[in-house]
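# Fold and contact review
Listed below, chain by chain, are the residues.
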Amino acid sequence: MIAFYQDKIKKAPDRVSLKAILIQAHKHFFNDYDASSPQVYFAPGRVNLIGEHTDYNGGHVFPCALPIGTYAAISLRDDDKLSVMSLNNDEGITSRSMTDIIEDKTERASNWASYVHGLVWALSQHGIDLKSGADILIYGDIPAGSGLSSSASLEVLIAYSLLDLELDYFNSSKKSREEILTMIAQISQYSENKYNGMNCGIMDQFASAFGSENQAIYLDTNSLAYSYVPFDLGDYALLVTNTNKKHKLIGSAYNDRRASCEEALKDLTSIKPELDALCSLTSKDFEEISSYIKNPEARIRAKHAVYENERTKQAVSLLKAGNLPEFGRLMYESHESLSHDYEVSCDELDAIVNIARTIPGVLGCRMTGGGFGGCTVAIIANDSIEEYKSAVEQAYTDKFGYAPSFYILKAGRGPYRL
Ligand code: GLA
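The notes below deal with the structure included here. (Residues numbered from 1 in each chain as written. Predicted model: local features only at pLDDT ≥ 70, side-chain atom pairs only at ≥ 80, totals over all residues. Heavy atoms only, no water.)

### Focus on the overall build of the protein chain
Applied cut-off: In this text, helices come from DSSP runs of H or I with a minimum length of four residues, and strands from runs of E with a minimum of two, each type numbered from the N-terminal end. Radius of gyration here uses only the C-alpha atoms, and the compact-globule reference equals 2.2 Å multiplied by the residue count raised to the power 0.38. Two residues form a contact once any of their heavy atoms are found within 4.5 Å.
Each helix and strand counted, the protein chain has 14 helices and 12 strands in total. Relative to the globule expectation of 22 Å for 418 residues, the C-alpha radius of gyration of the protein chain, 22 Å, shows essentially globular dimensions. Taking the principal axes of its C-alpha atoms as reference, the protein chain extends roughly 65 × 50 × 40 Å. When contacts within the protein chain are restricted to residue pairs at least 6 apart in sequence, those whose partners lie at least 24 apart make up 71%.

Given below as structure tokens:
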């Protein structure tokens, strides 16, 4: 039956039809024909334009939310059972009591459902107790393993929908919508850090929560001050290329990078006790004191964070001034630093960026997200897209034995009830 619904979804012409299919599937799998119609929610994935591995160093990031993401059809139950299933796999329904989830300390990223459980747990850790259980059917259209933040979109989706449906939180709490979205991003990050063991920064969850059509989000992760920057590229497009590389153990390599940055910061506070984050330093300050970082590996990681933060600030000014070519040049520079200094790229990502450099209509291209696989993001002239796709597809497939995938994407809106 999963295949039946997957097929129907593939043919759905728009979100209105998709909503109807998800409601039908929800009633079918949860046998909930008596229940009033489940409600359907959406939260987006994200792509980061520039500012990589700066978000846990108090730096700036410049992501946008995507039109793809995760959907949930949800109905409330009158007991304390939380039942979840996904139309993206055939694992069926997982059921646990809310009390059990809240008290459990052992489940860690063991399967996709632990992202849902983590959120319920994190809400309760923040004093938000949900009154009843729920039947939740999930469907996501972010390609698996693409690094376009399917987990952050799932977290934001669950937080947003449970707060809205169970607690009518947007109306009943004294907080503004903006304060609630910030809280959702923070609780989602907390759940990923503390429940699922991935020490990510706040970029992905913030981008998902604050998504806005045709706008990118310029965020200072130190203060959480943000602004929207129009992101309408005219004769150019935002082209995402998925390596389709199957990667493992990303979490531990990611956590290692973060630990190196923390080590560097600790060494630097011996000379600058007031320093609160690596990205509070300019590159000039950094060059003056970098020799205090004892471990050469930690020094080079810290260097990336500091320079990437400066690049991000500069890139946003260039974009606001309409200078796309220079914005693109900084994207290439960012990739070099991620590949050589931060060492989070891989042969597949480097190969795509190298081919992109040979195509005149590409203004810039870089790996996006955590790295070690996933996607590149490029800004490309509309009339160079076909040339790029065929050049990348051919050279990449010859080298790695399987093809990449391409997506032309626009900045999309944040979470909402359909
Ligand atoms: C992952 C993390 C983010 C961020 C990026 C790298 O996507 O979830 O918090 O650190 O990697 O910029």
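### A short note on the site of the ligand
Worth spelling out the cut-off: One heavy atom within 4 Å of a molecule or strand makes the whole residue count as near it. Pairing of N or O atoms within 3.5 Å defines a polar contact, subject to two protein rules: one partner must be a possible hydrogen donor and the other a possible acceptor, and residues neighboring in sequence count only if both atoms are side-chain atoms. In this classification, Asp, Glu, Lys and Arg are treated as charged, Ala, Val, Leu, Ile, Met, Phe, Trp, Tyr, Cys and Pro as nonpolar, and every other residue, Gly included, as polar.
Around the ligand lies a shell formed by Arg-46, Glu-52, His-53, Asp-55, Tyr-56, Cys-200, Gly-201, Met-203, Asp-204, Tyr-254, Gly-369 and Gly-370. Between Glu-52 and the ligand, the recorded distance is 2.6 Å, taken from a side-chain N or O atom to an oxygen atom. Interatomic distance of 2.6 Å between a side-chain N/O atom of Asp-55 and an oxygen atom of the ligand. Considered class by class, the residues forming the shell around the ligand number four nonpolar, four polar and four charged.

### Considerations on the sheet that holds strand β10 (residues 375-381)
To summarise the sheet geometry, strands pair through backbone hydrogen bonds and adopt either a parallel or an antiparallel arrangement. Using the following cut-off: Paired strands, as defined in this entry, are two strands with at least two bridges between them according to DSSP. Interaxial angles span 0 to 180 degrees and are taken between N-to-C directions of axes, which are lines fitted to C-alpha atoms, for helices over the stretch in contact.
On the basis of which strands lie adjacent, the open sheet formed by four strands has the order β9-β10-β8-β11 and antiparallel pairing. Pairing within the sheet leaves two strands with one partner each, and these edge strands are β9 (362-368) and β11 (405-409). Strand after strand, the sheet turns through a mean of 25 degrees between neighbouring axes, direction not considered. The strands touched by helix α13 (residues 347-357) are β8 (236-242), β9 and β10; relative to β9, the strand with the most contacts, the crossing angle is about 175 degrees.

### Regarding the nonpolar core
In plain terms, the rule: In this description, a nonpolar core means a group of buried Ala, Val, Leu, Ile, Met, Phe, Trp, Tyr and Cys residues linked to one another through side-chain atoms lying within 4.5 Å. Three labels apply to residues, based on accessible area from a 1.4 Å probe with only protein chains included: buried if under 20% of the type maximum, exposed if over 50%, partly exposed otherwise in between.
In terms of nonpolar packing, the biggest core is built from 51 residues, with Leu-82, Ile-136 and Ile-184 touching the most fellow members. At 10 residues, helix α5 (residues 150-167) tops the list of elements feeding residues into this core. Each residue touching Ile-184, except ones within four places of it in the same chain, is listed here: Val-156, Ala-159, Tyr-160, Leu-163 and Phe-170. If you look at the next biggest cluster of nonpolar residues, it comprises 30 residues, including Phe-62, Tyr-218, Phe-327 and Ile-379.

### Quick word on the packing of helix α1 (residues 2-11) against helix α2 (residues 15-30)
The condition that has to hold: Should an angle fall under 35 degrees it is taken as roughly parallel, and over 145 as roughly antiparallel, whereas 65 to 115 is taken as roughly perpendicular and any remaining angle as oblique.
Orientation of α1 relative to α2, taken along the N-to-C sense of each, is 170 degrees, at an axis distance of 10 Å. Regarding the angle of α1 to α2, the classification is roughly antiparallel. Together, Ile-2, Tyr-5, Lys-8 and Ile-9 of α1 and Leu-18, Ile-21, Leu-22, Gln-24, Ala-25, His-28 and Phe-29 of α2 make up the contact between the two elements.

### Quick word on the packing of aromatic side chains
Put simply, the rule reads: We call Phe, Tyr and Trp rings a pair once their centres come within 6.5 Å, taking the six-membered ring for Trp, and we label the pair stacked below 30 degrees between planes, edge-to-face above 60, and tilted otherwise.
This structure, assessed with the given rule, holds 19 aromatic pairs. Ring geometry for Tyr-160 versus Phe-170: centroids 4.9 Å apart, planes at 45 degrees, classification tilted. Within this pair, whereas Tyr-160 is found in helix α5, its partner Phe-170 is found in helix α6 (residues 169-172), the two being separated by 10 residues in sequence. Per residue, the accessibility class of Tyr-160 equals that of Phe-170, and both read buried. The interplanar angle of 10 degrees and the centroid separation of 4.2 Å between the aromatic rings of Phe-206 and Phe-210 together place this pair among those described as stacked. By way of ring pairs, the aromatic residues Phe-42, Tyr-71, Tyr-139 and Tyr-416 are connected into one cluster.

By themselves, these figures tell us nothing about what the structure is for.
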